[in-house]
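# Structure at a glance
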Amino acid sequence: MTNSINTVTSQTLSSDVLESYRSRGYVRIPSVLSVDEVAQCLADAQEQLERHEKLSWDTPGEGNVMDWIAEPEAKSAVMRRLALHPGITGIAERLAGRPLRMFKSELLRKRTTGGTRTPLHIDAPAFPIAGSASTLTAWVALVDVPVERGCLTFIPGSHELPQREDAWFIDPFDAHPELRWWPQVTVPLRAGDCTFHDARLVHSAGANETETARISLATVYMDAAATYNPAPAGAEPTYQDEVPGIEPGQPFDTDRYPLIGATG
Ligand code: NI
């Protein structure tokens, strides 16, 4: 269970990496998981994907964007450990610069056939969260994810653009036409590598053109003091808006939304 000596941890994360995350809106951290952890998590993930009901994102006429299992951390101890992994959550809190709690985790699969790309989008408008300046996603690769397997592509700096109320419904290029001319960075990952991205960052992913499913765990962390903000009137409610036991305007102060890292 040893990581390589060069592995970045929350203790060794440099100010350059912090600065890069803040200005670009994402960072790639290699080898957050050991080889043994990857093997254990992948076996558990494959079992969950086999056994449990999956949600599906399909683009009409183009195919399946991805399938995923909601709340995998409630379905196995292995996935709970991964969603609350001290190495990952410690880095997340350093990047955020404040205490965080987990909002949700999703076990993602991009299929090998009949799939399509993940369109450009930002995550934040889909989250029923208010008062969280630092919402971010840790995206951990459980298989190697080269470009042709549908890795993520980010538009660095786009997290600092003003957020529109209708951001969830419109193409980011329509919301901010100048974005078409900003550089995009495509970030392949080895199994066990992780990217962290700000919930306001514009990103996309390619289609999986390989014979191996792209399997990853995406866990969203939010400010510890964030409050529940139900979907705005007129928005299509999604399963993400089901926030049991919490009244609008109240903090996510239940076991389902645990504090993480140093504060957990
Ligand atoms: Ni996203």
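Let me sum up the structure you'll find in this document. (Residues numbered from 1 in each chain as written. Predicted model: local features only at pLDDT ≥ 70, side-chain atom pairs only at ≥ 80, totals over all residues. Heavy atoms only, no water.)

By way of backbone hydrogen bonds, the strands of a sheet pair with one another, either parallel or antiparallel. Strand order in this open sheet of seven strands is β1-β10-β7-β12-β4-β3-β2, and the pairing throughout is antiparallel. What marks the edges here is a single partner per strand, and that holds for β1 (26-29) and β2 (55-59). On average, each strand axis in the sheet is inclined to that of its neighbour by 20 degrees, with strand direction left out of account. As paired strands, strand β3 (residues 63-70) and strand β4 (residues 100-110) are joined by four bridges and run antiparallel to one another. By the bridge assignment, I69 is partnered in β4 with L107. Across the face of the sheet, helix α1 (residues 15-24) comes into contact with β1, β7 (136-141) and β10 (194-198) while running at roughly 140 degrees to β1. (Pairing = 2+ DSSP bridges. Helix = DSSP H or I, 4+ residues; strand = E, 2+ residues; numbered from the N terminus. Axes fitted to C-alpha atoms, helices over the stretch in contact; angles between N-to-C directions. Contact = heavy atoms within 4.5 Å.)

Turning to the state of the cysteines, a few remarks are in order. Using the criterion set out here, one finds zero disulfides in the structure. Counting only cysteine sulfurs, C194 is the nearest neighbor of C41, a cysteine outside any disulfide, at a range of 12 Å. Left unpaired, C151 is separated from the closest cysteine sulfur, that of C194, by 14 Å. (Disulfide = S-S within 2.5 Å.)

Now for the environment of S10. You can see S10 is positioned in the segment before α1. As for S10 and A126, which are separated by 116 residues in sequence, their C-alpha atoms are 28 Å apart. Excluding its chain neighbours within four sequence positions, the residues that come into contact with S10 are G90, I91 and R94. Polar contacts involving the side chain of S10 include one to the side chain of Q11, which spans 3.4 Å. (Polar contact = N/O pair within 3.5 Å; in protein donor to acceptor, adjacent residues only side chain to side chain.)

With that settled, the discussion passes to the coordination of the nickel ion. Those donors, H121 (NE2), D123 (OD) and H203 (NE2), are the protein atoms that reach the nickel ion, and they lie 2.1 Å from it. In primary-sequence terms, the residues that donate to the nickel ion follow H-x1-D-x79-H. With D123 in the loop between β5 (118-121) and β6 (129-130) and H203 in strand β11 (residues 203-205), this pair connects stretches of sequence that are 80 residues apart. A relative accessible area of 12% places D123 in the buried class. (Donors = N, O, S within 2.8 Å, 3.2 Å for Na, K, Ca; no water. Buried < 20%, exposed > 50% of the residue type's maximum accessible area, 1.4 Å probe, protein only.)

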